[in-house]
Amino acid sequence: MRTDSSPGTLPAREHLPAAPAGTPVLDVVIPVYNEEKDLQPCVRRLHEHLARTFPYPFRITIADNASTDTTPRVAARLAAELPEVALFRLEQKGRGRALRAVWSASDAPVLAYMDVDLSTDLNALLPLVAPLISGHSDLAIGSRLTHSSRVVRGPKREFISRAYNLILRGSLHARFSDAQCGFKAIRRDVAQVLLPLVEDTGWFFDTEMLVLAERAGLRIHEVPVDWVDDPDSTVHIVRTATDDLKGVWRVGRALATGSLPLDRLTRPFGDDPRDREITDVPRGLARQLVGFCVVGGLSTLFYLLLYSGFRLFTGSQAANALALLVSAIANTAANRRLTFGVRGRGGAVRHQAQGLVVFGIGLALTSGSLAALGAATSEPAHSTELAVLIAANLAATVLRFLLFRAWVFPDRRDEPELSTVVDTNTQYAPYDTTRFRVGDVADRTWPDSTMQLQPVRLTDTDPRNAR
């Protein structure tokens, strides 16, 4: 079983090694905008809880989203009084922008964030980050929508939250239960590869990050939380909902067109040493068989409908050829995307050409069956023709799967040179797809000027050095 990683992919999960003295294991980010009243009691309560219960070094980072009140002064005073508290200042608003900035610059192996109101019970913090420290999971989220969660909030917010998650499940096929809970964590090695693919800088940042992680096969751990609604929340519900729906459309379109380089986020199959001893085992065979059977069943129904329609104005041979041609093109496209997971436009024409060769073999089988039926009886019943065609298509289907798997869509993950010949600038145009390795994020130039951050000092008076 292959366990090494090609350039741009993530290594096997491992328990975090012991950190050097003075290096925090956990960095909890608190994004704030004009929170001069709530910031101090929130940070002191979180600091006291971590100092009392968290067994590793930690840091609390206040990410000031261009506040215009005295929030920066309150944050700076807290950073001066508490050694584990740091401050970053951003000159632009956006929770997603703040999280991406601080997480990208942090040296802690586990990165988390929570809302300043501390609506979530802090007893869930250690269960949130423990699977990331142990190497079991890649991301972790708090969920208010599981059966064991206890939530106190009004019916309006309850309805909005559940409706939004239903939209995510229906449109983006998301399987995580709560995208909007302000209580999440991620491993730094995962964040370094995942964050450059996330475009949103506002409230949709969480959802986009989770959808991309889930589609890439990363493991998301969910923790039931106790949560009490903040009646003084400053979130603009209508504007946020509109922006979220726009984000759902954008991400859904990117996933449908295959323009996201999610292969960068793949992990090896298993971390158990026994996995390394297994060789020459076909990978993904069961899943491919299921996908191929589903696509094949739908294609057969489509073919039979086409054949019945064409048969109204042409002979059986011509109707069979036309129906098989149209359904074969649709079948190849569906198997390419759904069964064998080939995304993007690269190689699509070649795959269709090879699929037409497979179509020719199927045509020979079905046409030969019809010819044999015609030789046996001069005027066969329509139901008999359909029965013969179904039997011939079953035989052709087995051969088609073998040819698709071995010839049209072969598994090329063991060919290291593949990643060096792909023109990523054209294949993944909608996203910034500059190739990088884990660990390069701190040195790369980000498109957002707010990424290069420095701690706030109250003595900084130069307007060019506001951060």
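Please read all numbers here as calculations on a predicted model, not as lab measurements.

Here is what the cut-offs are and how they apply
- Residues numbered from 1 in each chain as written.
- Predicted model: local features only at pLDDT ≥ 70, side-chain atom pairs only at ≥ 80, totals over all residues.
- Heavy atoms only, no water.
- pLDDT = per-residue confidence, 0-100.
- Contact = heavy atoms within 4.5 Å.
- Helix = DSSP H or I, 4+ residues; strand = E, 2+ residues; numbered from the N terminus.
- UniProt positions renumbered as here; feature names shortened; annotations may be inferred.
- Pairing = 2+ DSSP bridges.
- Axes fitted to C-alpha atoms, helices over the stretch in contact; angles between N-to-C directions.
- Buried < 20%, exposed > 50% of the residue type's maximum accessible area, 1.4 Å probe, protein only.
- Right-handed = clockwise from strand over helix to strand, strands pointing away.
- Lys, Arg positive; Asp, Glu negative; His and termini not counted.
- Salt bridge = Lys/Arg side-chain N within 4 Å of Asp/Glu carboxyl O.
- Core = buried A, V, L, I, M, F, W, Y, C linked by side-chain atoms within 4.5 Å.

Draft legend 1. Molecular detail of the confidence of the model for the protein chain. Per-chain confidence: the protein chain averages 78 in pLDDT, with 79% of residues scoring 70 or above. Counting interchain partners and residues more than four positions distant, the pLDDT-below-50 stretch residues 269-282 has 14 contacts. Below a pLDDT of 50 lies the segment residues 413-467, which in the model reaches 96 contacts outside its immediate sequence neighbourhood of four places, other chains included.

Draft legend 2. Up close: unusual backbone geometry. Phi at A66 takes a positive value of approximately 60 degrees, unusual for a residue other than glycine. Although it is not a glycine, H173 sits at a positive phi angle of roughly 55 degrees. With respect to the element layout, H173 can be found in the loop between α5 (155-171) and β7 (183-187).

Draft legend 3. Spotlight on the UniProt feature "transmembrane region" (unreviewed entry) in the protein chain. In the numbering adopted here, UniProt assigns the feature "transmembrane region" (unreviewed entry) to residues 289-310, 316-334, 355-374 and 386-403. For residues 316-334, helix accounts for 100% and strand for 0%, while the C-alpha atoms at its two ends are 26 Å apart. Across residues 355-374 one finds 100% helix and 0% strand; the C-alpha atoms that close the span lie 28 Å apart.

Draft legend 4. Expanded view of the sheet that holds strand β2 (residues 58-65). Spatial strand order, β3-β2-β1-β4-β7-β5-β8: 7 strands in an open sheet with mixed pairing. Both outer strands of the open sheet, β3 (85-90) and β8 (220-224), are each paired with one neighbouring strand and no more. The sheet shows a mean angle of 20 degrees between the axes of neighbouring strands, taken without regard to direction. Inspection of the sheet shows strand β1 (residues 26-32) paired to β2 by 7 bridges, in the parallel sense. Looking at the pairing, D27 lines up with R59 of β2. Of the strands in this sheet, β1, β2, β3 and β4 (110-114) touch helix α1 (residues 39-53), which is tilted by about 160 degrees from β2.

Draft legend 5. Here's a closer look at the pairing of β2. Of all 8 residues making up β2, 8 are buried, and the element is well covered by its neighbours. For the handedness criterion, the β-α-β arrangement of β1, α1 and β2 is classed as right-handed. With 6 bridges joining them, β2 and β3 adopt parallel strand pairing. Its bridge partner lying in β3, I60 is registered against V85. Assessed by its sense of winding, the connection that carries the chain from β2 through helix α2 (residues 71-81) to β3 is right-handed.

Draft legend 6. The side chain of D244, seen in detail. Examined against the element boundaries, D244 turns out to sit in helix α8 (residues 237-257). For the buried D244, no salt bridge exists, and the shortest N-O distance to an oppositely charged side chain is 7.6 Å, to R95. Apart from residues no more than four positions distant in its own chain, D244 is found in contact with Y164, Q180, W203 and F204.

Draft legend 7. Inspection of the nonpolar core at higher detail. Counting 46 residues, the largest nonpolar core has W103, L139, F176, I186, L194, M209 and L212 as its most contacted members. Taken together, the elements giving at least two residues each to this core come down to β3, α3 (95-105), β4, β5 (139-143), α5, α6 (188-194), α7 (205-215) and α8. Sorting elements by how many residues they give to this core places α7 first, with 6 residues. If sequence neighbours within four positions are ignored, I186 has contacts with W103, P109, V110, L111, L132, D138, L139, A191, L194 and M209. Among the nonpolar cores identified, the runner-up in size contains 41 residues, and V28, L122, A185 and V225 belong to it.

Draft legend 8. Structural view of the pairing of β7. Counting buried positions over the 5 residues of β7 gives 5, a clear majority of the element. Covered by surrounding structure in β7 are F183, A185 and R187 together with K184 and I186, the residues of both alternating faces. Relative to β7, β4 runs antiparallel, the two sharing 5 bridges. Each bridged residue has a counterpart across the sheet, and for A112 the counterpart in β7 is A185. Summarising the sheet, β5 and β7 pair through 3 bridges and their orientation is antiparallel.

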